[in-house]
Amino acid sequence: MSTLNPFRLHPSFSERTWGRRDLKPWYPDWAERDAQYKEPIGEAWLTGPQSLVNDGDYAGETLASLAEKEPVKLLGSLASEKEFPLLMKLLFPDDKLSVQVHPNDEEAAALNIGRGKTECWYILQAEPGATVACGLKPGTTLEGLRDAIANGTAENLLEHIPVVAGDMVFVDAGTVHAIGPGVTILETQQTSDTTYRLYDYGRPRELHVDKGLAVSKVVTRAGKVAPKPITVDGREGKRLIQEQYFTVDSFSLKIGDTIQFENPGNKPYCLTAIGGDAQVMVAGESMTELPASSSVIVPADVTRVTVRADSALEVVRATP
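Residues numbered from 1 in each chain as written. Predicted model: local features only at pLDDT ≥ 70, side-chain atom pairs only at ≥ 80, totals over all residues. Heavy atoms only, no water.

**Thoughts on the sheet that holds strand E15 (residues 235-242)**
Then, in step 1: Pairing is antiparallel across the open sheet formed by seven strands, whose spatial order is E1-E21-E18-E23-E16-E15-E14. A single partner strand is all that each edge strand has here, and the edge strands are strand E1 (7-9) and strand E14 (228-232). If you compare each strand with its neighbour and ignore which way they point, the axes differ by 30° on average.
Then, in step 2: By the bridge criterion, three bridges tie E1 to strand E21 (residues 295-298) in an arrangement that is antiparallel. Bridge pairing links Phe7 to Ile297 in E21. (Pairing = 2+ DSSP bridges. Helix = DSSP H or I, 4+ residues; strand = E, 2+ residues; numbered from the N terminus. Axes fitted to C-alpha atoms, helices over the stretch in contact; angles between N-to-C directions.)

Here it is, written out as structure tokens:
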């Protein structure tokens, strides 16, 4: 029986009022893509269910379709989940995102809306003074938050955290949160698009105050996470975060460098290129390109891969 080899996904771009017009340098060819979009781009979905497979026998199909056709080869021990469980995104805010919250798994199941949504934010770039809002200030009650939403002061009840490039922020489900302008973020999250918008600075978009407050928690574990050193294939890297739903690691490579990744235990994982290009190889053969700001899925079917840097870059490995 043939192996399901690693494959690259086409990023899909979502227009958002708070987004960015120019995605260079993250996408060096952005001038060629820009004409397709009328509004600013807020998100690049790197591993969404509707992301298109670039290469191999399933080129042109969606990740969701591939998971349905090859659940064991792709997902291994996670085959019962029926989809790749991690959604990787690049976020490009040039304005404030709404104040929002996501349900946890139990709440999502009770509402029959699939999984919950716990996420983390790896800060790739931050302008001086950039902040993210993560959780409520001590002493804040949900009724107090409801009143602040009504009178336009909800933003004042959030904990605003200064961020710089290299920071990792954990955002567990139930955390009331927002992202400020002037940052570029690699987000790793459970595959879910359930978002309850609590407050939007007067912008004419739908709010979900009752649903959002019903899943909001006054105290959560959200906040900055300190990296820990790790070594893989003799190369030093950083474990950015290890939580229930994901482990995210980072490795810096110079041109020509290689690093070998072993299967983490009959599970798939995702490799994302930041700031440069690479190739992902199996058994010494070039299998698929890994351009800047894109992701390659390594199926559970694959024992090991070698990543070779075509230029200096950071490789981020996300494992469910």
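So, next bit.
**Points about the packing of aromatic side chains**
Then, in step 1: Going through the model one piece at a time under the given rule, you end up with eight aromatic pairs.
Then, in step 2: Both rings, one in Trp30 and one in Tyr37, keep their centres 5.8 Å apart while their planes meet at 5°; by these two values the pair is stacked.
Then, in step 3: An aromatic cluster is built from Phe13, Tyr27, Trp30 and Tyr37, whose rings are joined through pairwise contacts. (Phe/Tyr/Trp six-rings, centres within 6.5 Å; stacked < 30°, edge-to-face > 60°.)

**Some words on the pattern of salt bridges**
Then, in step 1: In the structure shown here, the tally under the stated rule is 22 salt bridges.
Then, in step 2: Of the charged contacts, one joins Arg205 and Asp200 as a salt bridge, the two residues approaching to 2.8 Å between their closest N and O atoms.
Then, in step 3: Of the residues examined, Arg205 reaches a relative accessible area of 25% and is grouped as partly exposed.
Then, in step 4: One network of salt bridges, in which partners are shared, links Asp95, Asp200, Arg203 and Arg205. (Salt bridge = Lys/Arg side-chain N within 4 Å of Asp/Glu carboxyl O. Buried < 20%, exposed > 50% of the residue type's maximum accessible area, 1.4 Å probe, protein only.)

Limitation: the analysis is restricted to geometry and does not speak to function.
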